[in-house]
Amino acid sequence: MRYALSLAKRAQDNNEVPVGAVLVSQGALIAEGWNHPVASHDPTAHAEIMALRNGGRALNNYRLLDTTLYVTLEPCVMCAGAMVHSRISRLVFGASDGKTGAAGSLLDVPGHPGMNHRIEVTGGVLADECASQLSEFFRLRRAQKKALRQAQRENQSLSS
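These numbers come from a predicted model, not from an experiment.

*Asks:* Hey, could you run me through the packing of aromatic side chains in this one?
*Replies:* Two numbers describe a pair of aromatic rings. These are the distance of the centres and the angle of the planes. Under the counting rule described, the total for this entry stands at one aromatic pair. Seen from the ring of Trp34, Arg10 lies directly overhead, with NZ or CZ sitting 4.4 Å from the centre.

Written out as structure tokens, the structure reads:
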């Protein structure tokens, strides 16, 4: 999870929501990913999707059997669905997401009885660190937007 946090920092350094993911097979790292939907103009470029894509390439198979995905934030519906389809065995996440979390908070896609594959889920691993990283990112983003609005108002006042 600590490595996933460092990948989340990579996303943050590129002004993306700081989420990182690593895919492990038999104790070895086989793939990684971090958020970059803004830079890539790709709404599916979430950390989890990138790690699953890279894992498929590494294993030369879209079925990622007997793998564990570690991610700093509880996955959204899209990512949780991709995990079910990829057949990962286990998901370990850091911070829960009460607004869009689809691994137990808002919905439970990996454990839904209608799914053709179930995933073992463990949440709350390094939760405080993962949540703090996200909170700080959004705090800074709000401050930047506030400063921008203030500057725009000042410019309008000067030009009036």
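What follows picks up the thread again.
*Asks:* In this structure, what is going on with the sheet that holds strand S2 (residues 28-34)? I would like to understand it.
*Replies:* Hydrogen bonds between backbone groups are what pair the strands of a sheet, and the pairing can be parallel or antiparallel. Spatially, the five strands line up as an open sheet ordered S2-S1-S3-S4-S5, and their pairing is mixed. This sheet does not close on itself; its edge strands, each paired only once, are S2 and strand S5 (120-122). On average, each strand axis in the sheet is tilted by 15 degrees relative to the strand beside it, whichever way the strands run. Direction of pairing for strand S3 (residues 67-73) relative to strand S4 (residues 90-95): parallel, over a ladder of five bridges. Bridged to Leu69 within S4 is Leu91. Contacts from helix H3 (residues 47-59) reach strand S1 (20-25), S2 and S3 within the one sheet, and its direction differs from that of S2 by about 140 degrees.

*Asks:* How should helix H4 (residues 77-86) be read in this particular structure?
*Replies:* Three- or four-residue spacings in an α-helix give side chains the same orientation, since the helix completes a turn every 3.6 residues. Along H4, the residues that are buried comprise Cys79, Ala80, Gly81, Met83, Val84 and Ser86. Elements in contact with the buried residues of H4: H3, S3 and S4. Just downstream of H4, Arg87 is the residue with a positive phi angle, here 70 degrees.

*Asks:* What exactly am I supposed to notice about a nonpolar patch on the surface here?
*Replies:* Together, Val77, Leu106 and Leu107 give the surface a local cluster of nonpolar side chains, amounting to about 260 Å² of exposed area. Taking the relative accessible area as the measure of exposure, Leu107 reaches 41% and is therefore partly exposed.

*Asks:* Just checking my understanding: could you explain the pairing of S4 for this structure?
*Replies:* Here S4 lies mainly inside the structure; five of its six residues are buried. Taken together, S3, H4 and S4 form a β-α-β motif whose crossover is right-handed.

*Asks:* I would appreciate a short explanation of the side chain of Asn35 in the present structure.
*Replies:* With respect to the helices and strands, Asn35 occurs in the loop between S2 and helix H2 (37-40). Once residues within four sequence positions are removed from consideration, Asn35 is found in contact with Ala11, Glu16, Val17, Val19, Ala45, His46 and Ala47.

*Asks:* Even after reading the chapter, I still don't get the pairing of S2, so can you show me in this structure?
*Replies:* Where a strand is regular, its side chains alternate between the two sheet faces. Judged from the six bridges that link them, S1 and S2 form a sheet pairing that is antiparallel. Bridge pairing links Val22 to Glu32 in S2. The loop that links S1 with its antiparallel partner S2 comprises two residues; one of these, Gln26, has a positive phi angle of about 50 degrees.

*Asks:* Where do I start with H3 in this structure?
*Replies:* Counted at 1.5 Å a residue, the expected span for H3 with its 13 residues is 18 Å, and the 18 Å between its end C-alpha atoms agrees. Where H3 is concerned, the buried positions are Ala47, Glu48, Ile49, Met50, Ala51, Leu52, Gly55 and Gly56. At its buried positions, H3 is contacted by S1, S2, S3 and H4. Taken from the residues just after H3, Asn60 is the one with a positive phi, measuring 55 degrees.

*Asks:* Can you help me understand the nonpolar core in this one?
*Replies:* What tends to happen in soluble globular proteins is that the nonpolar side chains get buried as a cluster. Of all hydrophobic cores here, the largest spans 31 residues; its most connected members are Leu69, Met83, Ile88 and Leu91. Elements with a contribution of two residues or more to this core: helix H1 (2-13), S1, H3, S3, H4, S4 and helix H5 (127-159). Each residue touching Ile88, except ones within four places of it in the same chain, is listed here: Leu23, Leu52, Leu64, Thr67, Leu69, Met83, His117 and Ile119.

*Asks:* It is not clear to me how the environment of Arg153 should be interpreted in this structure. Could you clarify?
*Replies:* As for its placement among the helices and strands, Arg153 is situated in helix H5. Residue Arg153 is classed as partly exposed on the basis of its relative accessible area, which comes to 45%. Put simply, Arg153 and Arg63 are 90 residues apart on the chain and 53 Å apart in space, counted from C-alpha to C-alpha.

Rules used throughout
Residues numbered from 1 in each chain as written. Predicted model: local features only at pLDDT ≥ 70, side-chain atom pairs only at ≥ 80, totals over all residues. Heavy atoms only, no water. Phe/Tyr/Trp six-rings, centres within 6.5 Å; stacked < 30°, edge-to-face > 60°. Lys NZ or Arg CZ within 6 Å of the ring centre and 35° of its normal. Pairing = 2+ DSSP bridges. Helix = DSSP H or I, 4+ residues; strand = E, 2+ residues; numbered from the N terminus. Axes fitted to C-alpha atoms, helices over the stretch in contact; angles between N-to-C directions. Contact = heavy atoms within 4.5 Å. Buried < 20%, exposed > 50% of the residue type's maximum accessible area, 1.4 Å probe, protein only. Patch = residues over 30% accessible without salt bridge, like charges linked within 9 Å, V, L, I, M, F, W, Y side chains within 5 Å. Areas by Shrake-Rupley, 256 points an atom, 1.4 Å probe, with all protein chains shown as cover. Salt bridge = Lys/Arg side-chain N within 4 Å of Asp/Glu carboxyl O. Right-handed = clockwise from strand over helix to strand, strands pointing away. Expected span 1.5 Å × (residues − 1). Core = buried A, V, L, I, M, F, W, Y, C linked by side-chain atoms within 4.5 Å.

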